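# Architecture and fold: a report
The primary structure of each chain is shown beneath.
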Amino acid sequence: MNEIQLEKNARLKLDSDKGKSFSLKLVAPERGEYKVVLTVEGHQDVKVQIDTCLKDDASLTVLLINHNEGKVSLQENYELNTNSRLQLAEVQLSPFDLELSSVSTLQGQGGELTTRTAILADCRKQISQDVYHKAPNTTAHVNNYGVVRGTGRCEVVVRNTIERGCFRSSTHQTSRILTNDKTAVGKILPILYIDENDVQASHAASLGQPDESQLFYMQTRGLSRNEALKLIIVGYLLPVTEIIDDADLNEMLRKEIEMKVA
Amino acid sequence: MATLEIKDLHVSVEDKEILKGVNLTVNSGEVHALMGPNGNGKSTLLMTIMGHPKYRVTSGSITLDGRDVLGMTVDERSKAGLFIAMQYPQEVPGVTNSDFLKAAVNAHREKPIRLFEFIRTLDKTIADLQMDASFAHRYLNEGFSGGEKKRNEIIQMKLLKPAIAMLDELDSGLDVDAIKVVADNINEMREKNDLGLIIVSHYERFYELIEPTHAHVLVNGEIVASGDHELSKKIDAEGYEWLYREKNIRAQQEEVRPTVSLGTCGANPGARYE
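Quick caveat, the model's predicted, so the values are computed rather than measured.

## Notes on the interface of chain A and chain B
Residue-level contacts link 23 residues of chain A with 34 residues of chain B. Counting across the interface, chain A meets chain B through two salt bridges. Counting the contacts that link chain A with chain B gives 11 residue pairs in polar contact (both at pLDDT 80 or more). Elements with a minimum of two residues in the side of chain A that touches chain B: strand 13 (153-162), strand 15 (185-194), helix 1 (212-219) and helix 2 (225-237) of chain A. Residues of the side of chain A that touches chain B, tallied by class, amount to 11 nonpolar, seven polar and five charged.

## Points about the sheet that holds strand 4 (residues 33-41) of chain A
Residues and elements named next belong to chain A. Pairing in this open sheet of eight strands is parallel, and the strands run 2-4-6-8-10-12-14-16 from one edge to the other. Two strands bound the open sheet, and with one partner strand each, they are strand 2 (9-15) and strand 16 (199-208). The sheet shows a mean angle of 5° between the axes of neighbouring strands, direction not considered. Pairing between strand 10 (residues 112-121) and strand 12 (residues 139-148): 10 bridges, direction parallel. When the sheet's bridge partners are listed, Thr-114 is paired in strand 12 with His-141. The strands touched by helix 2 are strand 10, strand 12, strand 14 (169-179) and strand 16; relative to strand 12, the strand with the most contacts, the crossing angle is about 155°. Running over the sheet, helix 3 (residues 247-261) touches strand 2, strand 4, strand 6 (59-66), strand 8 (85-92) and strand 10 and is turned about 30° from strand 6.

## Digging into the pairing of strand 10 of chain A
All names here are of chain A. Counting buried residues along strand 10, eight of its 10 residues qualify, which places the element largely inside the surrounding structure. Pairing geometry for strand 8 and strand 10, over eight bridges, is parallel. Bridging across to strand 10, Ala-89 finds its partner in Arg-116.

## Points about the packing of helix 2 of chain A against helix 3 of chain A
Residues and elements named next belong to chain A. As a packed pair, helix 2 and helix 3 sit with axes 10 Å apart at the nearest point and diverge in direction by 135°. In terms of their interaxial angle, helix 2 and helix 3 are classed as oblique. For the crossing formed where helix 2 meets helix 3, the hand is right-handed. Mapping the contact onto sequence places Lys-230, Ile-233, Val-234 and Leu-237 in helix 2 and Ile-257, Glu-258 and Val-261 in helix 3.

## Here we look at the pattern of salt bridges
Side-chain pairs of opposite charge can arise where the charged atoms are in close proximity. Following the criterion strictly, the structure yields 25 salt bridges over all chains and no others. Residues Glu99(A) and Lys71(A) are paired through a salt bridge, measuring 3.2 Å at the closest nitrogen-oxygen approach. In this pair, Glu99(A) sits in strand 9 (residues 98-106) while Lys71(A) sits in the loop between strand 6 and strand 7 (72-80), placing the two residues 28 residues apart along the sequence. On the basis of relative accessible area, Glu99(A) is assigned to the partly exposed category, the value being 34%. Among the charged side chains, a network of salt bridges with common partners joins Lys124(B), Asp128(B), Lys158(B), Glu188(B) and Lys192(B).

## A look at the side chain of His172(A)
Residue and element names in this part refer to chain A. Within the fold, His-172 resides in strand 14. Side chain to side chain, His-172 and Ser-202 meet in a polar contact 2.7 Å long. The residues contacting His-172, other than those within four sequence positions of it, are Ala-140, His-141, Val-142, Asn-160, Gln-200, Ala-201 and Ser-202.

## Quick look at the sheet that holds strand 3 (residues 21-28) of chain A
Consider a sheet: its strands pair through backbone hydrogen bonds, and that pairing is either parallel or antiparallel. Residue and element names in this part refer to chain A. An order of 1-3-5-7-9-11-13-15 is seen for the eight strands of this open sheet, with the pairing classed as parallel. In this open sheet, the two edge strands, each paired with only one partner strand, are strand 1 (2-5) and strand 15. Averaged over all pairs of adjacent strands, the angle between their axes in this sheet comes to 10°, without regard to strand direction. Sheet topology note: the strand 3/strand 5 (residues 46-54) ladder contains eight bridges and is parallel. For Phe-22, the partnering residue across the bridge sits in strand 5 and is Val-48.

## Describing the pairing of strand 13 of chain A
Residues and elements named next belong to chain A. Among the 10 residues that make up strand 13, nine are buried, leaving the element largely enclosed by the rest of the structure. Bridge count between strand 11 (residues 124-133) and strand 13: 10 bridges; the pairing is parallel. Bridge pairing links Val-131 to Asn-160 in strand 13. As defined by bridge partners, strand 13 adjoins strand 15 across 10 bridges and the pair is classed as parallel. Residue pairing across strands places Glu-155 opposite Lys-187, the latter belonging to strand 15.

## So, the packing of helix 3 (residues 97-107) of chain B against helix 5 (residues 146-160) of chain B
Residue and element names in this part refer to chain B. Packing of helix 3 against helix 5 brings their axes to within 10 Å, and their N-to-C directions diverge by 30°. Seen along the crossing, helix 3 lies across helix 5 with a hand that is right-handed. Facing helix 3, whose interface residues are Asn-97, Phe-100, Leu-101, Ala-104 and Val-105, helix 5 presents Asn-152, Ile-155, Gln-156, Leu-159 and Leu-160. Of the residues assigned to the contact of helix 3 with helix 5, the class counts are seven nonpolar, three polar and no charged.

Reading the values: rules and limits
Residues numbered from 1 in each chain as written. Chains lettered and ligands numbered in written order. Predicted model: local features only at pLDDT ≥ 70, side-chain atom pairs only at ≥ 80, totals over all residues. Heavy atoms only, no water. Contact = heavy atoms within 4.5 Å. Salt bridge = Lys/Arg side-chain N within 4 Å of Asp/Glu carboxyl O. Polar contact = N/O pair within 3.5 Å; in protein donor to acceptor, adjacent residues only side chain to side chain. Helix = DSSP H or I, 4+ residues; strand = E, 2+ residues; numbered from the N terminus. Nonpolar A, V, L, I, M, F, W, Y, C, P; charged D, E, K, R; others polar. Pairing = 2+ DSSP bridges. Axes fitted to C-alpha atoms, helices over the stretch in contact; angles between N-to-C directions. Buried < 20%, exposed > 50% of the residue type's maximum accessible area, 1.4 Å probe, protein only. Parallel < 35°, antiparallel > 145°, perpendicular 65-115°, else oblique. Left-handed = near helix turned anticlockwise from the far one by under 90°.

Okay, here's the thing in structure tokens:
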């Protein structure tokens, strides 16, 4: 496994035309602020494992974009130590199958995790996310927003676990899937395992077709049904950019989302 | 000069007849106050004119400058010059006001508006409504107060410049100062654009700010009285009882929907996901 000590801004590219599997270990050293943009590209099926360790007081923002034109099996492990902060944005718009499994472990007190995943599913996309609170005063926010089209299928399973003794921790998850066609299938399994009393925990999940009242409202302003639908779908996926504090990157992502939705 | 003409309009919702032969003509520059007790068809009339799929027209006609409105899709009605400011504007998370408004403005134009021109016009309109400049970048109506939502409806109206606008209880949710701001903007559009208006409101104070040229009372799906501003003043002072006695009619009682219980939480105690 390649171990990479992160510097302030890093760009990593994994090319499936150059290998069938990749293993990376990313280390965010103590007390630093880091930003990583990681893209998966190429035309072949590929397996990717990324282990990321945030040392004490490290702050890391990760933008993971999947452009691969082939199936991607992605295993992500994140270890957050004392007072570390991870912001993770995942852009999964590729029209190929995806198996994504992530495990985030809040190992040290004061750790903070925020994830936001945008999923466009024209095929089969399976997302499984586990968050373990293993220290007091830890915080997690997991957000998934998916749009399923045609005969696509999107399954999202999120498990947040607060272990005994992890008092004053808070864990929250939101998963929303918009099914854009009658043949599209969406499935959400929101799970909370809580073994401590002095905590905050919540889950929210919604699954369904576009809101007809919203569509009507937008049509009364002159938008056709398709134009209104497109705006709603882009609006569903676009907030993934909120995590990224980089205007150029956000504009690039915005264009990509608009192009994929069109 | 635009003319909206409604003739003998009958409208049903789920086989229940709500409008029972409404006749109304609205010309540019006219302000029609539409009054009546709740649940008697005012919002139904406005939503039907705009083409809400829930409302089924069983007979009658609606034309705008002689063109058949009922044959138009909702967006075509907007492009033809109709506008509705809704009683409960929808929230659309993820879609910014700016993106939505630009798309709406472009839908009304042959060539897309230049970005600089759009931003300049939007900024001015936001300032006219005394809203914070950050409003453009917030998601459409999401987290807006009642008053902000109503001001946003007028921002949209000013940008789209309709020929005939329908305001459905626009004044509800607005404080005294905000009502004045909104009314000033509507009056400005009347003067500059010769805007025709149908205004649904229960409150005379709104009609004092936007003086109606016509007033109508809709009871049980029919317009039972028409007049000028004096009619709305009389209703504000005396209520509807005198009218019921005079016309020997009774108002439709507003339907109170029964409370539906979803039962207890579906969680199975002790269940574990495997």
